[in-house]
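Single-letter residue listing:
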Amino acid sequence: QLQLVESGGGLVQPGGSLRLSCAASGFTLDYYALGWFRQAPGKEREGVSCITSSGGFANYADSVKGRFTVSRDNAKNTVYLQMNSLKPEDTAVYYCAAGVYCLDADYNYKYWGQGTQVTVSS
């Protein structure tokens with residue numbers, strides 16, 4: 001039973017904040033890069049952010065730079081996505097995925113979570 005479980009999604013007003021968590025079960029995240037993705041209705045899944053296994057490097061999509069921050073706590077086997085200054089266009093199902101590298105390609109990722117809904121609306 002190897003899986004990732006996202007939590008922390010919900011409804012928030014524009015300008016608000018949420019922190020998403022991605023917890024691994026059945027394996028350790030120590031040796032995996034962790035990517036965050038999102039998918040809005042009718043749109044393709046897009047990469048949001050990624051953090052390396054050591055936490056020494058992270059990248060972000062241009063649309064979220066300066067607003068989102070990814071971090072990890074390997075002792076807790078958990079990765080986080082802090083989302084600030086949320087906009088309606090951030091509304092999507094957010095997924096986490098564990099892979100070999102921080103690479104925006106599906107084949108790079110071995111494990112995927114089921115997603116958590118984030119809705120930004122007034």
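Look above for the structure.
Note that the coordinates shown come from a computational prediction; the quantities given were computed from them, not determined experimentally. (Residues numbered from 1 in each chain as written. Predicted model: local features only at pLDDT ≥ 70, side-chain atom pairs only at ≥ 80, totals over all residues. Heavy atoms only, no water.)

## Points about the environment of Leu2
Line of reasoning, step 1. By secondary structure assignment, the location of Leu2 is in the segment before β1 (3-7).
Line of reasoning, step 2. In this structure the C-alpha to C-alpha distance between Leu2 and Phe27, which are 25 residues apart in sequence, comes to 6.2 Å.
Line of reasoning, step 3. If we ignore the near neighbours within four places in the chain, the residues touching Leu2 are Ser25, Gly26, Phe27 and Tyr111. (Helix = DSSP H or I, 4+ residues; strand = E, 2+ residues; numbered from the N terminus. Contact = heavy atoms within 4.5 Å.)

## Some words on a nonpolar patch on the surface
Line of reasoning, step 1. The grouping of Val100, Tyr101, Leu103 and Tyr107 at the surface amounts to a nonpolar patch, some 510 Å² of accessible area in total.
Line of reasoning, step 2. Mapped onto the secondary structure, Tyr107 falls in the loop between β9 (92-99) and β10 (109-112).
Line of reasoning, step 3. Judged by relative accessible area, Tyr107 falls into the exposed class, the value being 73%. (Patch = residues over 30% accessible without salt bridge, like charges linked within 9 Å, V, L, I, M, F, W, Y side chains within 5 Å. Areas by Shrake-Rupley, 256 points an atom, 1.4 Å probe, with all protein chains shown as cover. Salt bridge = Lys/Arg side-chain N within 4 Å of Asp/Glu carboxyl O. Buried < 20%, exposed > 50% of the residue type's maximum accessible area, 1.4 Å probe, protein only.)

## Things to note about the pairing of strand β7 (residues 68-73)
Line of reasoning, step 1. Side chains Phe68, Val70 and Arg72 of β7 all project onto a buried face; the interleaved residues Thr69, Ser71 and Asp73 project onto a face where none is buried.
Line of reasoning, step 2. Relative to strand β8 (residues 78-83), β7 runs antiparallel, the two being bridged by six bridges. Each residue of the ladder has a partner; that of Val70, found in β8, is Leu81.
Line of reasoning, step 3. From the end of β7 to the start of β8, which pair antiparallel, there are four residues, and Asn77 there has a positive phi angle of about 55°. (Pairing = 2+ DSSP bridges.)

## With respect to the packing of aromatic side chains
Line of reasoning, step 1. Summed over the entire model, instances satisfying the criterion amount to six aromatic pairs.
Line of reasoning, step 2. Summarising the aromatic geometry, the rings of Phe27 and Tyr32 are spaced 5.5 Å apart at their centres and angled 80° between planes, so their arrangement reads as edge-to-face. Neither Phe27 nor Tyr32 differs from the other in exposure class; each is buried.
Line of reasoning, step 3. Grouping aromatic residues by their ring pairs yields a cluster made of Phe27, Tyr32 and Tyr111. (Phe/Tyr/Trp six-rings, centres within 6.5 Å; stacked < 30°, edge-to-face > 60°.)

## Quick word on the nonpolar core
Line of reasoning, step 1. Ranked by size, the top nonpolar core spans 28 residues in total, and within it Leu4, Leu34, Trp36, Leu81, Met83 and Tyr94 carry the most contacts.
Line of reasoning, step 2. Of all the secondary structure elements, the ones that give two or more residues to this core are β3 (18-25), β4 (33-39), β5 (46-51), β7, β8, β9 and β11 (116-120).
Line of reasoning, step 3. Listed in part, the five residues of the second largest apolar core include Ala33, Cys50, Ala97 and Tyr109. (Core = buried A, V, L, I, M, F, W, Y, C linked by side-chain atoms within 4.5 Å.)

## Comments concerning the state of the cysteines
In a disulfide, the sulfur atoms of two cysteines are covalently bonded to one another.
Line of reasoning, step 1. The tally for this structure, following the rule as stated, stands at two disulfides.
Line of reasoning, step 2. Residue Cys22 pairs covalently with Cys96 via a disulfide, S to S 2.0 Å. Between Cys22 and Cys96 the disulfide shows an S-S torsion of about 75°. By sign, it is right-handed. Residue Cys22 is located in strand β3, and its partner Cys96 is located in strand β9; the two are separated by 74 residues in the primary sequence.
Line of reasoning, step 3. For Cys96, a relative accessible area of 0% corresponds to the buried category.
Line of reasoning, step 4. Disulfide pairing is shown between Cys50 and Cys102; the S-S distance is 2.2 Å. Linking Cys50 and Cys102, the disulfide has an S-S dihedral of approximately -85° and is accordingly described as left-handed. (Disulfide = S-S within 2.5 Å.)

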